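Here are the chains, one letter per residue:
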Amino acid sequence: MGAKGLTEIDKTRTTVDIYGQQYAIIGTESSSHVRLVASLVDDKMREISSKNPSLDITKLAVLTAVNAVNDYIKLKQHYERLESELKRVKD
């Protein structure tokens, strides 16, 4: 038997509200996970918008993405440092 491919049955459709717009998100994650992600994106968009009320929706979305990727890179670097320390301690 070969590797099982993703089918429509494997996917979940979740409708979420982000910054006043509804989005249908289809993926393999649980609906609760998708709702959590959407809530965090909504919170970040509202936070940035409150500090920069003149931003249009496109610029707000891009700034939100930039912030999210920045946070991701910092966490990834921190994780890699911890992983490196753990390996050093084990050896």
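Predicted, not measured: the structure shown is a model, and the values here were computed from it.

Asker: I keep staring at the overall build of the protein and nothing clicks. Help me out?
Answerer: The secondary structure content of the protein amounts to two helices and two strands. When the helices and strands of the protein are listed from N to C terminus, the series reads β-β-α-α. In terms of overall dimensions, the protein is more spread out than a globule: its C-alpha atoms have a radius of gyration of 18 Å, far above the 12 Å expected for 91 residues. Oriented by its inertia axes, the alpha-carbon framework of the protein measures out at about 55 × 40 × 20 Å. Burial analysis of the protein (91 residues in total) assigns 13% to the buried set. Contacts spanning at least 24 positions in sequence make up 16% of the contacts within the protein whose residues lie at least 6 apart. Working note: accessible area of the protein is about 7600 Å², and carbon and sulfur atoms make up 57% of it. Within the protein, one finds 14 positive and 13 negative side-chain charges whose respective centroids are separated by 2 Å.

Asker: Would you mind going over the packing of helix α1 (residues 31-51) against helix α2 (residues 57-90) with me for this structure?
Answerer: Contact geometry of α1 with α2 gives a least axis separation of 9 Å together with a crossing angle of 115°. Here the hand of the crossing between α1 and α2 comes out right-handed. Counting all contacts with α1, which are made through Val 41, Lys 44, Met 45, Ile 48 and Ser 49, the residues of α2 involved are Ile 57, Leu 60, Ala 61, Leu 63, Thr 64 and Asn 67. Taken together, the residues of the contact of α1 with α2 break down into seven nonpolar, three polar and one charged.

Scoring rules and cut-offs
Residues numbered from 1 in each chain as written. Predicted model: local features only at pLDDT ≥ 70, side-chain atom pairs only at ≥ 80, totals over all residues. Heavy atoms only, no water. Helix = DSSP H or I, 4+ residues; strand = E, 2+ residues; numbered from the N terminus. Rg over C-alpha atoms; globule rule 2.2 N^0.38 Å. Buried < 20%, exposed > 50% of the residue type's maximum accessible area, 1.4 Å probe, protein only. Contact = heavy atoms within 4.5 Å. Areas by Shrake-Rupley, 256 points an atom, 1.4 Å probe, with all protein chains shown as cover. Lys, Arg positive; Asp, Glu negative; His and termini not counted. Charge placed at Lys NZ, Arg CZ, Asp CG, Glu CD. Axes fitted to C-alpha atoms, helices over the stretch in contact; angles between N-to-C directions. Left-handed = near helix turned anticlockwise from the far one by under 90°. Nonpolar A, V, L, I, M, F, W, Y, C, P; charged D, E, K, R; others polar.

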